[in-house]
Amino acid sequence: NAGVTQTPKFQVLKTGQSMTLQCAQDMNHEYMSWYRQDPGMGLRLIHYSVGAGITDQGEVPNGYNVSRSTTEDFPLRLLSAAPSQTSVYFCASSTDSYTQYFGPGTRLTVL
Amino acid sequence: TQLLEQSPQFLSIQEGENLTVYCNSSSVFSSLQWYRQEPGEGPVLLVTVVTGGEVKKLKRLTFQFGDARKDSSLHITAAQPGDTGLYLCANTGNQFYFGTGTSLTVIP
């Protein structure tokens, strides 16, 4: 099993550009989530999904969209990148809402 | 939004020393988890505590959950360089709330 994979590992965008961060898991987990991590602020939940076709907002959803068309994939879309979205993004999955397995992260810089 | 405060924010100690880090919440935890995150990696779950007063041990790590389920501590005995990392606490549920973390450096 590859676990949770994220692509790309690094990305630089200009303000106003859009992009999609990819997340995939091969553990057949129903629960998936996206976090951002900023210095001194821990991990903050952006969006989460409890199964295919079901998504909900987390603590900091503005500027981000998600969809869950399959159990395996949970992409995160930045609609119009802003410098405030410079961060490290982590995707996680779990069989329930307890034991989360995190991906290696995507480091995003918005200029 | 649940606020989780961790202290200290930074900790640098010599190999072999003992240390304790703390996690305090503005409200009662449903259950609490501790994670360790190494540089360039995602967090890895260390333990889940559920019951007030619960104590769990994982080799040299001892986790304690407060009786009122609003605070927790992580004690490391005889710290080793491999313990270096960011320690995060989190409240569980559909929406996880993470603390700000304690960055630990163990100097050989």
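Along each chain, numbering runs from 1 in the same order as the chain's sequence is written. Chain letters and ligand numbers both follow the written order, the letters beginning at A and the numbers at 1. With pLDDT at 70 or above as the cut-off, local features in this predicted model cover only qualifying residues; side-chain atom pairs require 80 or more to be listed or tallied, and sums for whole chains, interfaces and linings still use all residues. Note that the side-chain values use all heavy atoms of the structure and ignore hydrogens as well as water.

### Examining the overall build of chain B
Point 1. Put simply, DSSP marks the helices as runs of H or I at least four residues long and the strands as runs of E at least two long, and each gets a number from the N terminus on. Along its length, chain B carries zero helices and 11 strands.
Point 2. When the helices and strands of chain B are listed from N to C terminus, the series reads β-β-β-β-β-β-β-β-β-β-β.
Point 3. Radius of gyration (C-alpha) of chain B: 13 Å, near the 13 Å computed for a compact globule of 108 residues.
Point 4. Overall, chain B is about 40 × 30 × 20 Å in size when its C-alpha atoms are taken along their principal axes.
Point 5. Only protein chains enter the accessibility calculation, which uses a 1.4 Å probe. A residue is then buried if its area is under 20% of the maximum for its type, exposed if over 50%, and partly exposed in between. Within chain B, the fraction of its 108 residues that count as buried is 45%.
Point 6. Taking the contacts inside chain B whose residues are at least 6 apart along the sequence as the reference set, 52% of them involve residues at least 24 apart.
Point 7. Surface accessibility in these figures is a Shrake-Rupley result with a 1.4 Å probe; residues are shielded only by whichever protein chains are displayed. When the accessible area of chain B is evaluated, it comes to approximately 5,000 Å², of which 50% is carbon and sulfur surface.
Point 8. For chain B, the distance from the average site of its 7 positive side-chain charges to the average site of its 9 negative ones is 7 Å. Atoms counted for the radius of gyration: C-alpha only. Globule rule: 2.2 Å times the number of residues to the power 0.38. Whether two residues touch is decided by their heavy atoms; if any such pair falls within 4.5 Å, the residues are in contact. His residues and chain termini do not enter the charge count, which takes Lys and Arg as positive and Asp and Glu as negative. Just so you know, the charge point we use is NZ for Lys, CZ for Arg, CG for Asp and CD for Glu.

### A few points about the sheet that holds strand S8 (residues 71-76) of chain B
Residue and element names in this part refer to chain B.
Point 1. The strand order across the open sheet formed by five strands is S1-S3-S8-S7-S6, and the pairing between neighbours is antiparallel. With partners counted over all chains shown, the strands left at the sheet margins are strand S1 (4-7) and strand S6 (55-58), one partner each. In this sheet, adjacent strand axes meet at a mean angle of 15° when their direction is disregarded.
Point 2. With four bridges connecting them, S1 and strand S3 (residues 19-25) associate as antiparallel partners. For Ser-7, the partnering residue across the bridge sits in S3 and is Tyr-22. Paired strands, as defined in this entry, are two strands with at least two bridges between them according to DSSP. Fitted lines through C-alpha atoms serve as axes, helices being fitted only where they are in contact, and the angles separating the N-to-C directions of these axes extend from 0 to 180 degrees.

### Points about the interface of chain B and chain A
Point 1. Residue-level contacts link 23 residues of chain B with 22 residues of chain A.
Point 2. At the boundary of chain B with chain A, total buried surface from both sides reaches about 1,600 Å², with 52% on carbon and sulfur atoms.
Point 3. A carboxyl oxygen of Asp or Glu within 4 Å of a side-chain nitrogen of Lys or Arg is what we treat as a salt bridge. Counting across the chain B and chain A interface gives zero salt bridges.
Point 4. Here a polar contact is taken to be a pair of N or O atoms separated by no more than 3.5 Å, where protein atoms must pair a possible hydrogen donor with a possible acceptor and residues adjacent in sequence count only if both atoms sit in side chains. Connecting chain B to chain A are two residue pairs in polar contact (both at pLDDT 80 or more).
Point 5. No other element matches the three residues that strand S4 (residues 32-37) of chain B contributes to the side of chain B that touches chain A.
Point 6. Across the side of chain B that touches chain A, the residue classes break down as eight nonpolar, 14 polar and one charged. In short, buried area is how much 1.4 Å probe accessible area vanishes from two parts on joining, totalled over both. Each residue is assigned to one class: nonpolar for Ala, Val, Leu, Ile, Met, Phe, Trp, Tyr, Cys and Pro, charged for Asp, Glu, Lys and Arg, and polar for all the others, Gly among them.

### Some words on the state of the cysteines
All names here are of chain B.
Point 1. Cysteine sulfur atoms are paired as a disulfide whenever they fall within 2.5 Å. Counting across every chain of the model gives two disulfides over all chains.
Point 2. Bridging Cys-23 to Cys-89, the disulfide has an S-S length of 2.0 Å. Around the S-S axis, the bridge from Cys-23 to Cys-89 shows a dihedral of about 75° and counts as right-handed. Of this pair, Cys-23 sits in strand S3 while Cys-89 sits in strand S9 (residues 85-91), placing them 66 residues apart in sequence. The exposure classification of Cys-23 matches that of Cys-89, with both residues buried.

### Structural notes on the environment of Gly42(B)
Point 1. Mapped onto the elements of the fold, Gly42(B) is located in the loop between S4 and strand S5 (44-49).
Point 2. Residue classification places Gly42(B) among the buried residues on the basis of a relative accessible area of 9%.
Point 3. Setting aside chain neighbours within four positions, we find Gly42(B) in contact with Phe90(A), Phe102(A), Gly103(A), Pro104(A), Arg36(B) and Gln37(B).

### A closer look at the sheet that holds strand S7 (residues 64-66) of chain A
Residues and elements named next belong to chain A.
Point 1. If you walk across this open sheet you meet the four strands as S1-S3-S8-S7, and the pairing is antiparallel. Here the strands that pair on one side only, and so sit at the sheet edges, are strand S1 (4-7) and S7. Strand-to-strand twist across the sheet, computed as the mean angle between neighbouring axes with direction ignored, equals 20°.
Point 2. Relative to strand S3 (residues 19-25), S1 runs antiparallel, the two sharing four bridges. The residue of S3 that forms the bridge with Gln-6 is Cys-23.

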